[in-house]
Amino acid sequence: MEELFSKVLQVSLRCRDCEDRKANIRVTIELQLTTSPVHKRDLLVRLTDDIDPYFLFNLSISEEDFQSLKIQQGLLIDFASFPQKFIDLLNLCYSEQESDNPRFVLHLLCQSPALEGPASFSIVETNAFKHLNHLSLRLAQGSDKHVRDYLAACLSSLKAEKQALETQLKKTEDDLSRQLTYAQQTLSEKTKELDKLRSEWTSQSSSLSSRHSQELQSEREKAVELQSRLQQQTERLRQELESSHKRSSQQLQSRLTELEASCRELTEKKYKNESTIRDLKIKLVGAEEECQRSKQQVLSLRRENSTLDTEVHEKERLVSQLQMRVAVLEQEIKDKDQLMCRTKEVLEATQQQKESVEENAESKELQIRKLEATVKSLSEELIKANGIIKKLQGEVRGLVGKIKVKNTVTVSQEKVLQETSEKLQNVEKDHQRAQQQLITKDEQVSKLKEQLETTVQKLNESREVLKTNENVINWLNKQLNEKQLSRKPQSPECSENPSVLSATGLRAQFYPQMGKPAVSPAAAADQRAVQPVSRQIGESAVLDSKYFERREDSIPIYGLSSHLLHRESSQRTKPSAYFSA
């Protein structure tokens, strides 16, 4: 006997002449295997009620019964897979029985007024359109013998569970009694140890309190002396820092005015270059108009090309001359390309020389002059091209009366016209290159403006460095206040040493540099101004950020003695511990 399914499900009970009601029924599915005389399997379905022990409905389905059931209800599965599909439908009913509108519902129908006699157990799927009956089984009510057998099986299982629980209870009682005795023993031992520790603690606390009071008095006297020295020294350092900060701010202000003046000059030059570009555009438009006129003249010459047969040789010589002129123009274009390469090299050199803004401005002026020279040369080439066109027009007017070689000369004239148009295109390309060079100059001017902004940012950073230095001085005040209660006794050698922070073991390190950019002159001056403080601090140890905040409850320090400053600087040759070298 193998149990496949056993759960309490909510079933809708329907009897004749009675209202429908819902009850929690335990559905059990078992698979029974019989080997004698023939090997066969039977599926047992049982409905019971945990509250009512006399509620019992049974059904045994063999393979032959399943075949008739399959034909009656139109099932599409075989007997081997029927138990698992039946269990899946029951699990769906179990998962949806808590919802308000369950999709799968179980029904138990009985024709008698009370639940007596055979009953129909069905699984129904509900929707808005129809109630679909997936499976309906005819169950028989259990007889007295079946009920007695069922109750006997339940009683035997309950007795077995009771015996298992009794044995488990005895084991837990024994374990708890053993743990209780062990805990009592350990409690008595711990109370004895606690009494001993209390007596020892009282004796040690009395001795430590006496020693602490003596040490505290000596430390207070030493702290008062140290505080007076530190006040004198910090006052001197404050005055030096203020003077250095004023000098650096004046230098940066003068530098700022110079950069603004250079920026104005560059903008004026930019406007001048734009005006020259406009003039060149106007000239280019005029050249294009002349080209259109020459095309119209060529059209008129095509009508009169019959008179130009005798001048073929002269035109060939003219073509050779024009080819020579084209070669000269190509050589000039190569020279212009070389000039462009030189200008690019000059631009790269200017980008590398960012230390001085004035030198950059002078180099930019030289480059602008060179560009003006190139623009002038381009205008001269345009004038030459116009002269060549005028010469060609005069020659065409002189050849009007000659009509013999009309066809051949018109072809040669078209070639000359194409060459002149190509020359004009080359001039336009040179003009575009000059415009690109002017755009690069504008970008360089914007870069100079960015450099000006970086210098202003560096000035702000130097001001922040001064604020951090003031926070360091406040941190020293806080350490002196805390040392009055937490400092341990010193050896005689340490008490004779007049050093400020090497005797207390206080080590700190502060890095004012916030990043890797180049250090401005003002920041370098600030670091040189605070180096006397750094030589007195000693070895390095990183400070927490909370020590750099301003504290209103700290004791102000007004200076340190010059004797202490000279002595500490002679003992240490390391770089500053508060500021990076």
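Scoring rules and cut-offs
Residues numbered from 1 in each chain as written. Predicted model: local features only at pLDDT ≥ 70, side-chain atom pairs only at ≥ 80, totals over all residues. Heavy atoms only, no water. Helix = DSSP H or I, 4+ residues; strand = E, 2+ residues; numbered from the N terminus. Buried < 20%, exposed > 50% of the residue type's maximum accessible area, 1.4 Å probe, protein only. Contact = heavy atoms within 4.5 Å. Core = buried A, V, L, I, M, F, W, Y, C linked by side-chain atoms within 4.5 Å. Polar contact = N/O pair within 3.5 Å; in protein donor to acceptor, adjacent residues only side chain to side chain. Phe/Tyr/Trp six-rings, centres within 6.5 Å; stacked < 30°, edge-to-face > 60°. Lys NZ or Arg CZ within 6 Å of the ring centre and 35° of its normal. Pairing = 2+ DSSP bridges. Axes fitted to C-alpha atoms, helices over the stretch in contact; angles between N-to-C directions. 1 Å grid on protein atoms, 1.4 Å probe; cavity = no way out; pocket = protein on both sides within 12 Å on 5 of 7 lines; lining within 4 Å. Points joined across faces, edges and corners; volume = space filled by probe spheres on them. Salt bridge = Lys/Arg side-chain N within 4 Å of Asp/Glu carboxyl O.

Right, let's get into the overall build of the protein chain. Looking only at helices and strands, one finds 10 helices and seven strands in the protein chain. Put simply, the protein chain has 581 residues, and 34% of those count as buried. Across the protein chain, contacts joining residues at least 24 apart in sequence account for 72% of those joining residues at least 6 apart.

Now for the nonpolar core. Residues Leu 47, Phe 86, Leu 90 and Phe 121 are the most contacted members of the largest nonpolar core, which totals 38 residues. Take this core: its biggest share by element is six residues, from helix α2 (residues 82-96). With sequence-adjacent residues up to four places away left out, Leu 47 is seen in contact with Ile 25, Arg 26, Val 27, Phe 55, Leu 56, Phe 57, Leu 108, Phe 121 and Leu 139.

So, on to the environment of Leu 56. Mapped onto the secondary structure, Leu 56 falls in strand β4 (residues 56-62). A relative accessible area of 2% means that Leu 56 is categorised as buried.

Glancing now at the side chain of Glu 30. Positionally, Glu 30 belongs in strand β2 (residues 21-34). Within polar-contact distance, the side chain of Glu 30 engages the side chain of Arg 46 at 3.5 Å.

What follows is about the packing of aromatic side chains. Both the distance between ring centres and the angle between the ring planes are used here to describe each pair of aromatic rings. Within this structure, the stated rule accounts for four aromatic pairs. The interplanar angle of 10° and the centroid separation of 5.8 Å between the aromatic rings of Phe 82 and Phe 86 together place this pair among those described as stacked. One end of the pair, Phe 82, and the other, Phe 86, are both in helix α2, four residues apart, so they sit about a helical turn from each other. The structure contains a cluster of three or more aromatic residues connected by ring pairs, namely Phe 66, Phe 79, Phe 82 and Phe 86. The ring centre of Tyr 94 lies 4.7 Å from the NZ or CZ of Lys 7, which sits over that ring.

Here we take up the sheet that holds strand β6 (residues 119-126). The seven strands lie next to each other as β1-β2-β3-β4-β7-β6-β5, forming a closed barrel whose pairing is mixed. Each strand of the sheet is rotated relative to its neighbour by a mean of 35°, with strand direction disregarded. As judged from the nine bridges shared by β2 and strand β3 (residues 40-48), these two strands associate in the antiparallel manner. Its bridge partner being in β3, Val 27 is matched across the sheet by Leu 47. Along the sheet, helix α1 (residues 63-73) makes contact with β3, β4 and β7 (131-141), crossing β4 at roughly 95°.

Bringing the layout of surface pockets into the picture now. Taken as a whole, the second largest pocket holds about 530 Å³ of empty space. What lines the second largest pocket is a set of 21 residues, and nearest its centre among them are Arg 46, Thr 48, Tyr 150, Ala 153 and Cys 154. Of all the secondary-structure elements, those providing two or more residues to the lining of the second largest pocket are β1 (2-14), β2, β3, β4 and α3 (144-303). A total of seven residues in the lining of the second largest pocket trace back to one element, the largest contributor, which is α3.

The next thing to look at is the pattern of salt bridges. For the structure on display, the rule yields 14 salt bridges. Note that Glu 258 is salt-bridged to Arg 255, the shortest N-O span being 3.6 Å. With Glu 258 and Arg 255 both in helix α3 and three residues apart, this pair spans about one turn of that helix. We note a salt bridge from Lys 478 to Glu 482, for which the minimum N-O separation is 2.0 Å. Taken as a pair, Lys 478 and Glu 482 lie in helix α6 (residues 406-486) at a separation of four residues, close to a single helical turn.

Turning our eyes to something else, we now look at the environment of Thr 408. Relative to the elements of secondary structure, Thr 408 occurs in helix α6. According to the relative accessible area criterion, Thr 408 is partly exposed, its value standing at 49%. Between the C-alpha atoms of Thr 408 and Val 312, which are 96 residues apart in sequence, the distance is 7.6 Å.

This paragraph deals with the environment of Leu 139. The topology assignment puts Leu 139 in strand β7. Judged by relative accessible area, which is 0%, Leu 139 ranks as buried. Linking Leu 139 and Leu 59, residues 80 residues apart in sequence, is a C-alpha distance of 5.2 Å. Aside from chain neighbours lying at most four places away, what touches Leu 139 is Val 45, Leu 47, Phe 57, Asn 58, Leu 59, Pro 118, Ala 119 and Phe 121.

Attention now goes to the pairing of β6. Burial analysis of β6 places seven of its eight residues in the buried class, which makes it a mostly covered element. Sheet topology places strand β5 (residues 104-110) next to β6; seven bridges connect them, and they run antiparallel. Paired with Leu 108 across the two strands is Phe 121, which belongs to β6. Relative to β7, β6 is paired through eight bridges, and the arrangement is antiparallel. Note on β7: the bridge partner recorded for Ile 123 is Leu 135.

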